[in-house]
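Close look at the chain arrangement
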Amino acid sequence: MIDVRNISKTFYVPHEVKALVDVTTEIAAGEVVVVIGPSGSGKSTFLRCLNHLEVADAGGHILIDGIDILDRKTNINKVRAEVGMVFQSFNLFPHKTVLENITLAQQVVRKRPKEEAHSKAMSLLEKVGISDKADAYPDNLSGGQQQRVAIARALAMDPKIMLFDEPTSALDPEMIGEVLDVMKTLAREGMTMVVVTHEMGFAREVADRVIFMDDGAIVEVGTPEHFFTNPDHDRTKLFLSQIL
Amino acid sequence: MKNTSNTRRSMPPWKYNLWVGVFFAILFSVVMLIYIATIRIEYTWSWYKVPSTFLSREVIEISAEVEGRVTQLERKNDQAVITIKNETESKSYTVPAEDIRVNEGDLIYYGDTLATYRKWRAGIMVQGLWITLKSSIFAIILGIIIGIIGGIARISDNPALKWSAITYVELIRGSPLLVQIFIWYFVLGTMINQLLESYGLKEIPSLWYGVASLACFTGAYVTEIVRAGIQSIHRGQTEAARSLGMSYGQCMRYVILPQAMRRILPPLAGQFISLIKDSSLLGIIAVRDLLKASREVVTTQLNPFEMFFTAAALYLVITFSLSMFVQYLERKTATT
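In this report, the structure presented in the accompanying data block is examined.

About the thresholds
- Residues numbered from 1 in each chain as written.
- Chains lettered and ligands numbered in written order.
- Predicted model: local features only at pLDDT ≥ 70, side-chain atom pairs only at ≥ 80, totals over all residues.
- Heavy atoms only, no water.
- Helix = DSSP H or I, 4+ residues; strand = E, 2+ residues; numbered from the N terminus.
- Contact = heavy atoms within 4.5 Å.
- Buried area = accessible area lost by both parts, 1.4 Å probe.
- Salt bridge = Lys/Arg side-chain N within 4 Å of Asp/Glu carboxyl O.
- Polar contact = N/O pair within 3.5 Å; in protein donor to acceptor, adjacent residues only side chain to side chain.
- Nonpolar A, V, L, I, M, F, W, Y, C, P; charged D, E, K, R; others polar.
- Phe/Tyr/Trp six-rings, centres within 6.5 Å; stacked < 30°, edge-to-face > 60°.
- Buried < 20%, exposed > 50% of the residue type's maximum accessible area, 1.4 Å probe, protein only.
- Lys NZ or Arg CZ within 6 Å of the ring centre and 35° of its normal.

Attention now moves to the environment of Phe308(B). Looking at the element boundaries, Phe308(B) is found in helix 10 (residues 304-333). Beyond its immediate stretch of four places on either side in the chain, Phe308(B) contacts Leu291(B), Ser294(B), Arg295(B) and Val298(B).

On to the interface of chain A and chain B, then. With 24 residues of chain A in contact, the opposing surface of chain B contributes 20 residues. When the two sides are added together, the surface that chain A and chain B hide from each other amounts to roughly 1,900 Å², 61% of it contributed by carbon and sulfur. Counting across the chain A and chain B interface gives 1 salt bridge. With its nearest N and O atoms 2.6 Å apart, the salt bridge here joins Arg48(A) to Glu239(B). At the junction of chain A with chain B, the criterion picks out 7 residue pairs in polar contact (both at pLDDT 80 or more). Every element with two or more residues in the side of chain A that touches chain B is listed here: helix 2 (76-81), strand 6 (83-86), helix 3 (98-108) and helix 5 (143-155) of chain A. Grouping the amino acids of the side of chain A that touches chain B by side-chain chemistry returns 15 nonpolar, 4 polar and 5 charged.

Let's shift gears to the packing of aromatic side chains. All names here are of chain B. Applying the stated rule across the entire model yields 14 aromatic pairs over all chains. A ring pair is formed by Tyr43 and Trp45, whose centres lie 5.3 Å apart and whose planes are at 75°; its orientation type is edge-to-face. The exposure class assigned to Tyr43 is buried, which follows from its relative accessible area of 14%. Note on Phe217 and Tyr221: the rings are 5.2 Å apart at their centroids and 55° apart in plane angle, and the pair reads as tilted. On the criterion of helical spacing, the pair formed by Phe217 and Tyr221 is a turn pair, its members being 4 residues apart in helix 6 (residues 206-231). Given a relative accessible area of 10%, Phe217 falls into the buried group. A cation over an aromatic ring shows up here: Arg57 above the ring of Trp120, its NZ or CZ 5.0 Å from the ring centre.

Shown next, in the form of structure tokens:
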């Protein structure tokens, strides 16, 4: 489903910073991959490269469902419609109601008629458990509710892949559970997911694979069991000892 | 909108009222000083002449176009039919019956007044007001269009667009409006009108060069306001919209601009209020706007004090209405 070959990413801010160094990995359809690592390790940059929010350096390839998004001829908007993304800071549209947040892209990008977009939005709000907030504005919702709306907004496009960029990091502790529950349901339903998170419990419980990154490179890849009980690398051991 | 009278005062009521009194005393003294000064210089106030510059009753005379005798004078309600006959021809006039100047049997010569009537007529000040409103409205609409395009170009990655926008903004902001009006009218206007003439087309009246100069001038400021508005919207909004598959244009139209508009409304209102006031400069290229009309009245009626106060009051009415309208819009869009 996702095939990443030799991608690097250099920022010039203003001095050269290598955020990703020759990363290669593959993610199969239906797989849930959790990416962890210390801050500045390039895990968010890696995720953002997957839907072209960051443009990886020339030379590598990122194939999403067989389409190379680093190819200039690719219509990136078409690919993005198939790849949902959930942000750390939710990024809901504050001038639109919850319902409009979810119907906007359906109507504008998928060209669905209003009624269809509407019923799709309502069923997704039901699924994430906040159908009673359909007509509220995002500012009147709690962080957990906003993040669930953001997930519903991404799901409304019927994506093949969902990317989560630290979806619970900006939440109050008591709201983390409700968001993780929605994500677990999604994982069980067979969604292909790439999740950057610090929630080790989630990784252990839901992930098919864990990718550990440091200094812009993939250090270790393995099943959660292998990763949390018996990691190979010293760097991984050090990281785990610091956070667990 | 918060009610300002609810704010807690730091002084006791008697003191507060005292200072309110001082305010009105100052206001009254200033007006009185001006008044006394005008009396000292023996200025004769003639406010009574002002209304006629807005609306006047014009007397229209109906004159005879034949010679002969009035053979018939028939009144019907407020109309009358006057028939004049001579040896060879006969002619009837239907006139309003309010002021008939002839009787049956009168001998009429060519050009004699048969009757007169009065008609309401919009005065020069009303025409001037209309020109001021018309030029301001057109300039505002054009200014918004230029500003949105310019603002988007200004933040573009494309150097051709970005540098064009920067050059435009810096050129316009760096030179006086008066000079720009002259350039539009005397340089561009001359060129365009002569070109049009050489193709046998009609010249463009000076009003439209005035509108163009105002629009161009405001457009530069609106460009900067729009740019600031767009840049004040968090980058996450663009990323969220684009990650859903929206194109740059869709993202701008549905997500960024609606949010930016709300934020730029107050500075935009200030800009347009300036524009309305600046439209008073158009008089120098022979556009008869409110101020030009006032000046023309002054040259005939010799009452500059009254006319300029009147003009100032009318500008105030227009700008105040606009700022009220914008406040209403702000309240309406602040529903989140």
